[in-house]
Each structure stands twice: as C-alpha cells, then as structure tokens.
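The residues making up each chain are set out below.
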Amino acid sequence: MGFQACFTDNHAWADLHISGGGNSGFDHAAIGKPSADALAAVRRYIDQDPLLSVMWQSVPTDIEVTLDRAG
C-alpha cells in the first residue's frame, strides 16, 4: 500500500523527506475502541512535533493511494 500527499510549497517543510522504509506503520486495529485508541495514539504523536502539527492542519492539493496485491 502506498500513500502520497502533495501540499503547496511551504518553506517550513520544503526540505523534509520522510521515508517509511516500506513500513507505513498503519495500524489495522478493529473498528471500534481499538481503532479509536490507535487514532488517539497517532494524534498524540503528531501533537508532540511542531512540524507535524503544522502539516496535519494543512490541506493537501493532491492525494494518491495505491494498493498492491499480496504476493
């Protein structure tokens, strides 16, 4: 699975390059409390990083999600 979001040029993160190394870190928690807990953990992580907080509040100009079949 791939996820790419594009934003308008913003000098605050223009030189930031994030690589997951093949691991999206996506939590496949079941719908309900496990999923809500996973999303809350992501939000706490974002709130701890000023740059991620700014990015979280920005609206992307384009988003691409790709799904690959398991081999």
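Just so it is clear, the model here is predicted, and its values are computed rather than measured.

(A) Up close: the overall build of the chain. Secondary structure assignment for the chain yields two helices and two strands. Taken across its 71 residues, the chain has 7% of its residues classed as buried. Counting only contacts in the chain whose residues sit at least 6 apart along the sequence, the fraction spanning at least 24 positions is 76%. Of the roughly 6300 Å² that the chain leaves accessible, carbon and sulfur atoms contribute 55%.

(B) Here's a closer look at the packing of helix α1 (residues 33-47) against helix α2 (residues 50-57). Packing of α1 against α2 brings their axes to within 6 Å, and their N-to-C directions diverge by 120°. Judged by the inter-axis angle, α1 sits oblique to α2. Of the residues in α2, those touching α1 at Arg43, Tyr45, Ile46 and Asp47 are Leu52, Ser53 and Trp56. A per-class count over the contact of α1 with α2 returns four nonpolar, one polar and two charged.

(C) Just a nonpolar patch on the surface, in detail. Side chains of Phe3, Ile63, Val65 and Leu67 sit close together on the surface and give an oily, nonpolar patch of about 450 Å² of accessible area. Along the polypeptide, Val65 turns up in strand β2 (residues 62-66).

(D) Focus on the confidence of the model for the chain. When pLDDT is averaged across the chain, the result is 75; 66% of the residues are at 70 or more. Of all the helices and strands in the chain, strand β1 (residues 2-6) carries the lowest mean pLDDT, 76, while α1 carries the highest, 86.

(E) Representation of the pattern of salt bridges. In total, this model carries two salt bridges according to the counting rule given. Across the pair Arg43 and Asp47 runs a salt bridge whose closest N-O atoms are separated by 3.1 Å. Residue Arg43 and its partner Asp47 are both found in helix α1; the two are separated by four residues, about one turn of the helix. A relative accessible area of 47% means that Asp47 is categorised as partly exposed.

What counts and how
- Residues numbered from 1 in each chain as written.
- Predicted model: local features only at pLDDT ≥ 70, side-chain atom pairs only at ≥ 80, totals over all residues.
- Heavy atoms only, no water.
- Helix = DSSP H or I, 4+ residues; strand = E, 2+ residues; numbered from the N terminus.
- Buried < 20%, exposed > 50% of the residue type's maximum accessible area, 1.4 Å probe, protein only.
- Contact = heavy atoms within 4.5 Å.
- Areas by Shrake-Rupley, 256 points an atom, 1.4 Å probe, with all protein chains shown as cover.
- Axes fitted to C-alpha atoms, helices over the stretch in contact; angles between N-to-C directions.
- Parallel < 35°, antiparallel > 145°, perpendicular 65-115°, else oblique.
- Nonpolar A, V, L, I, M, F, W, Y, C, P; charged D, E, K, R; others polar.
- Patch = residues over 30% accessible without salt bridge, like charges linked within 9 Å, V, L, I, M, F, W, Y side chains within 5 Å.
- Salt bridge = Lys/Arg side-chain N within 4 Å of Asp/Glu carboxyl O.
- pLDDT = per-residue confidence, 0-100.

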